[in-house]
Amino acid sequence: MNDLKAEDDALKAARRKRSVALGLVLGVVVLVFYALTIVKMGPAIFNRPL
Amino acid sequence: MALVEDTVGIGYAAAEARVGDYFALLKPRVMSLVVFTALVGMLLAPGTLHPFVALVAIAAIAIGAGASGALNMWYDADIDAVMTRTRNRPVPAGRIAPQDALGIGVALSCFSVGLLGLAANWVAAAFLAFTIFFYAVVYTVWLKRATPQNIVIGGAAGAFPPMVGWAAVTGSLSLDAATLFLIIFLWTPPHFWALALYKKGDYAAAGIPMLPNVAGETATRNQILVYSVLLVLTAFLPVLTGMTDGIYAFAAAALGVVFAVLALHLRLAEEGAELRRRARRLFRYSLAYLFVLFVVLLADGLLVKWSMLG
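We now turn to the structure provided with this report.

Rules used throughout
Sequence positions are assigned chain by chain, starting from 1 and proceeding in written order. All chains are assigned letters beginning at A, and all ligands numbers beginning at 1, according to the order in which they are written. The predicted nature of this model means local features are confined to residues of pLDDT at least 70 and side-chain atom pairs, given and counted, to a pLDDT of 80 or more, with totals for whole chains, interfaces and linings taken over all residues. To get the side-chain values, take all heavy atoms of the structure and skip hydrogens and water. Here, two residues are considered to be in contact whenever any of their heavy atoms come within 4.5 Å of each other. By definition, the buried area sums, over both parts, the 1.4 Å-probe accessible area that each loses when the two are put together. Salt-bridge detection follows one rule: a side-chain nitrogen of Lys or Arg within 4 Å of a carboxyl oxygen of Asp or Glu. What qualifies as a polar contact is a pair of N or O atoms within 3.5 Å, subject to a donor-acceptor requirement within protein and to the restriction that residues adjacent in sequence count only when both atoms come from side chains. Here the term charged refers only to Asp, Glu, Lys and Arg, the term nonpolar to Ala, Val, Leu, Ile, Met, Phe, Trp, Tyr, Cys and Pro, and the term polar to all other amino acids, Gly among them. For this analysis, a nonpolar core means a set of buried residues of the types Ala, Val, Leu, Ile, Met, Phe, Trp, Tyr and Cys, connected via side-chain atoms within 4.5 Å. Buried, partly exposed and exposed residues are distinguished by accessible area as a fraction of the type maximum, computed with a 1.4 Å probe on protein chains only: under 20%, between the cut-offs, and over 50%, respectively. Secondary structure elements follow DSSP: runs of H or I no shorter than four residues count as helices, runs of E no shorter than two count as strands, and numbering proceeds from the N terminus.

Let us look at the interface of chain A and chain B. When the parts of a complex come together, some accessible area is lost, and that lost area is often taken as the interface size. Contacts between the two partners involve 13 residues from chain A and, on the opposite side, 16 residues from chain B. Note on chain A versus chain B: buried area summed over both sides is about 1200 Å², and carbon and sulfur give 77% of it. In terms of surface lost to chain B, no three residues of chain A exceed R18, L36 and V39 of chain A, which account for 40% of the buried area on that side. Here chain A is connected to chain B by zero salt bridges. Linking chain A to chain B there are two residue pairs in polar contact (both at pLDDT 80 or more). Taken together, the residues that form the side of chain A that touches chain B break down as nine nonpolar, no polar and four charged.

Set out below in structure tokens:
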């Protein structure tokens, strides 16, 4: 019984770590695309009809 | 108990996969070599990139290499499970399900090509896509299990990254970029055949037709010697094309002489334990050779590039 609980906790911990890692990766991707847009387009990015 | 059973009888418990397993799926050691050679191509190419764009381009090439690794591990799970060198990889060890490896490989391939296209240019992105295709399909699916020349032709996939790096800067390819390709292309056979000589049993158990298993140890050592001589001579091409100068020529000569001597030493070895020892020594030296050669190539090439600019 205790073994099953320990196994379950280990599974949950592994899943949580994977979720955090995936979240961090997605955050980095968003930042990279944001920064890339600024670098590639520069101030011209604001140069558009509103 | 296994959650899923596949055709080769490996149990998979994907829910227990750690973050490190997903990283291992991308073959980080291969990725580091790809990053290094692509960076050399990028820095030696005529022209410049914004440092952030260059960083993103290198990351895209690294992710593309990782995607190829994941696709390779998906397809080769059955033979990886048999070989001592590869049986602890996440798919054959049962920590990541094969269909997950396939999904990650395909998703990262698309992402890396798109990212490189948006960051640098679509010529480099197309070339990266071709490189991933070449490694995952031409080498892994087709050549690896079909012919003892697998790593000769398949070696092209490992030789493309400096050309991708070059294309990321220039948007085109040139003779200098092809020279970098040729050096890695000719380096691959002696490197992998030296490994295959002392891991012969592994490849035989997995049923992979590596040259030592098909043609024998003597024929393999002859081929190693021929490719080593070709490599040592080809390493002087960057001097002839004017990409580098005297410092590199000296390094290429010194490193090349040692490479050729080790290959000759392997050729003259008696079959048995001594042969495997010399094969292991050539394999290790080949890694150091390529790294040092490219470091000197980069340093000397940058000096030439800056002197032309200044």
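Let's shift gears to the nonpolar core. If you look at soluble globular proteins, the nonpolar side chains tend to sit buried side by side. Counting residues in each nonpolar core, the largest one holds 103 residues, and the members touching the most others are L116, Y289 and F294 of chain B. Aside from chain neighbours lying at most four places away, what touches F294 of chain B is F36, T37, V40, L180, I183 and I184 of chain B.

Residues and elements named next belong to chain B. According to the stated counting rule, one finds eleven salt bridges over all chains in the structure shown. Where D76 meets R145, a salt bridge forms, and the shortest distance between an N and an O atom there is 3.0 Å. Taken together, the residues D76 in the loop between α3 (51–75) and α4 (77–80) and R145 in the loop between α6 (122–143) and α7 (150–159) connect sequence positions 69 residues apart. Looking at D76, the relative accessible area reads 0%, which means it is buried. Residue R145 is joined to D78 by a salt bridge in which the shortest nitrogen-to-oxygen separation is 2.9 Å. Remark: D78 occurs in helix α4 and R145 occurs in the loop between α6 and α7; sequence separation between them is 67 residues. Within this structure, D76, D78, K144 and R145 form a network of salt bridges that share partners.

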